[in-house]
Amino acid sequence: MEAELSRGTIEKAYARWAPVYDIVFGAVFDRGRRAAIVAAERIGGRILEVGVGTGISLPDYKRSNRLVGVDISEPMLRKALARVAEHNLENVETLAVMDAEHLAFPDNSFDVVVAQYVITAVPNPEATLDEFSRVLKPGGEIVLVNHIGAESGPRALFEKGFAPLARRLGWRPEFRFGRLADWAARHGGVRVIERRAMPPLGHFSLIRFARA
Ligand SMILES: C[S@@+](CC[C@H](N)C(=O)[O-])C[C@H]1O[C@@H](n2cnc3c(N)ncnc32)[C@H](O)[C@@H]1O
């Protein structure tokens, strides 16, 4: 049975990560972040970054896009606010503490919803994806980049064994792609249009969903 990953666990975990996050996860996740931005900018317009964290990717978007960032962790978001000021990012409309599962935006608010290294860290991934789809305009895209658990073999075994400790660090290493594909099939209004392997080690994926 899957161990619980609660909002409290996540808030505690990211309050601890915030001071060192960019040093530990900056370079290692950079290729995936940049690929997500390239995908998002193919549509462009008003872009919501969910789990924006320390705002590490915000300076990499073209200034012609309007950006809104939300995160559940206030310590992470404080870093993002400092970054926006430091880089004078006038295209960042808002940064707000918000739960991805309960987005305080009207339906059809964004051209693209981006979530980098987030969807396996939220308590309810499917309910969270429902929210992404709700705030997305028809014709828009959800762009995820994330670690995806192996289907079988030694990596799958390792990920299963590591899962309880990983919960305390704030993520689910054994999360399979099938969960995302099943969500899209059940939802009916979105479809998977791309899954591309990403470094490090190809254990990560860029995943795009299009909204009808
Ligand atoms: C691994 S970090 C990724 C940060 C950033 N997107 C990046 O590329 O480095 C995961 C982020 O998701 C946020 N997060 C986790 N659960 C969340 C939720 N339910 N609602 C909003 N943000 C959440 C965490 O606070 C954290 O900042």
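The structure we're discussing is the one just above.
Please read all numbers here as calculations on a predicted model, not as lab measurements.

(A) Up close: the overall build of the protein chain. When helices and strands are tallied, the protein chain shows 7 helices and 7 strands. Ordered by position from the N terminus, the helices and strands of the protein chain form the series α-α-α-β-β-α-β-β-α-β-α-α-β-β. A compact globule built from 212 residues would reach a C-alpha radius of gyration of about 17 Å, and the protein chain, at 16 Å, matches this within 12%. Referenced to the eigenvectors of the C-alpha coordinate spread, the extents of the protein chain come out at roughly 45 × 40 × 30 Å.

(B) Summary view of the site of the ligand. Around the ligand, a shell composed of 20 residues is seen, among which Tyr21, Arg33, Gly51, Asp71 and Ala100 lie nearest. For the ligand, an oxygen atom lies 2.6 Å from a polar atom in the side chain of tyrosine 21. Isoleucine 72 has a polar backbone atom sitting 3.1 Å from a nitrogen atom of the ligand. Starting from 600 Å² of accessible surface for the ligand in isolation, the protein chains cover 97%. Judged by the proximity of its atoms to the pocket grid, the ligand belongs to the largest pocket. Across the shell around the ligand, the residue classes break down as 13 nonpolar, 4 polar and 3 charged.

(C) Structural detail: the sheet that holds strand β1 (residues 46–50). Read across the open sheet, the 7 strands follow the order β3-β2-β1-β4-β5-β7-β6; overall the sheet is mixed. What marks the edges here is a single partner per strand, and that holds for β3 (92–97) and β6 (190–198). The average undirected angle you get between the axes of adjacent strands in this sheet is 15 degrees. As defined by bridge partners, β6 adjoins strand β7 (residues 204–211) across 8 bridges and the pair is classed as antiparallel. Counted as the bridge partner of arginine 195 is isoleucine 207 from β7. The sheet contacts of helix α3 (residues 30–43) involve β1, β4 (110–116), β5 (136–147), β6 and β7, and relative to β4 the element is tilted by about 170 degrees. Helix-sheet contacts for helix α7 (residues 177–187) involve β5, β6 and β7, and the interaxial angle to β6 is about 165 degrees.

(D) Focus on the nonpolar core. Formed by 36 residues in total, the largest nonpolar core has its most connected members in Tyr14, Leu58, Leu95 and Val114. Elements that contribute at least two residues to this core include exactly α1 (7–17), α2 (21–25), α3, α4 (74–86), β3, β4, β5 and β7. Beyond its immediate sequence surroundings of up to four residues, leucine 58 is in contact with Val52, Leu67, Val84, Leu89, Val92 and Leu95. Counting 30 residues, the second-largest nonpolar core is a separate cluster that includes Phe105, Val113, Val135 and Phe175.

(E) Broad picture of the layout of surface pockets. Looking at the largest pocket, its volume works out to about 840 Å³. In terms of lining, the largest pocket is formed by 45 residues, of which the most central are Tyr14, Tyr117, Val118, Ala121 and Trp171. Elements with a minimum of two residues in the lining of the largest pocket: α1, α2, β1, β2 (66–71), β5 and α6 (153–169). No other element matches the 5 residues that α6 contributes to the lining of the largest pocket.

(F) Representation of the packing of α1 against α6. It is the contact of α1 with α6, at a shortest axis distance of 7 Å, that shows an interaxial angle of 70 degrees. One way to sum up the angle between α1 and α6 is to call them roughly perpendicular. Contacts from Thr9, Ala13, Arg16 and Trp17 in α1 reach Arg167, Arg168 and Leu169 in α6. Considering only residue class, the contact of α1 with α6 consists of 3 nonpolar, 1 polar and 3 charged.

(G) Main features of the packing of aromatic side chains. Under the definition given, this model contains 9 aromatic pairs. Pairing phenylalanine 29 with tyrosine 117 gives two aromatic rings, centres 3.9 Å apart and planes at 15 degrees, and the pair type is stacked. Here phenylalanine 29 is found in the loop between α2 and α3, whereas its partner tyrosine 117 is found in the loop between β4 and α5 (125–135), with 88 residues between them in sequence. Accessibility classification places phenylalanine 29 together with tyrosine 117 in one group, the buried group. With centroids separated by 5.5 Å and ring planes inclined at 15 degrees, the aromatic side chains of phenylalanine 158 and phenylalanine 162 adopt a geometry described as stacked. With phenylalanine 158 and phenylalanine 162 both in helix α6 and 4 residues apart, the pair spans about one turn of that helix. Cluster of aromatic residues (ring-pair linked, three or more members): Trp17, Tyr21, Phe25, Phe29, Tyr117 and Phe204.

Rules and cut-offs
Residues numbered from 1 in each chain as written. Predicted model: local features only at pLDDT ≥ 70, side-chain atom pairs only at ≥ 80, totals over all residues. Heavy atoms only, no water. Helix = DSSP H or I, 4+ residues; strand = E, 2+ residues; numbered from the N terminus. Rg over C-alpha atoms; globule rule 2.2 N^0.38 Å. Near = heavy atom within 4 Å. Polar contact = N/O pair within 3.5 Å; in protein donor to acceptor, adjacent residues only side chain to side chain. Areas by Shrake-Rupley, 256 points an atom, 1.4 Å probe, with all protein chains shown as cover. 1 Å grid on protein atoms, 1.4 Å probe; cavity = no way out; pocket = protein on both sides within 12 Å on 5 of 7 lines; lining within 4 Å. Sits in = over half its atoms within 2 Å of the grid points. Nonpolar A, V, L, I, M, F, W, Y, C, P; charged D, E, K, R; others polar. Pairing = 2+ DSSP bridges. Axes fitted to C-alpha atoms, helices over the stretch in contact; angles between N-to-C directions. Contact = heavy atoms within 4.5 Å. Core = buried A, V, L, I, M, F, W, Y, C linked by side-chain atoms within 4.5 Å. Buried < 20%, exposed > 50% of the residue type's maximum accessible area, 1.4 Å probe, protein only. Points joined across faces, edges and corners; volume = space filled by probe spheres on them. Parallel < 35°, antiparallel > 145°, perpendicular 65-115°, else oblique. Phe/Tyr/Trp six-rings, centres within 6.5 Å; stacked < 30°, edge-to-face > 60°.

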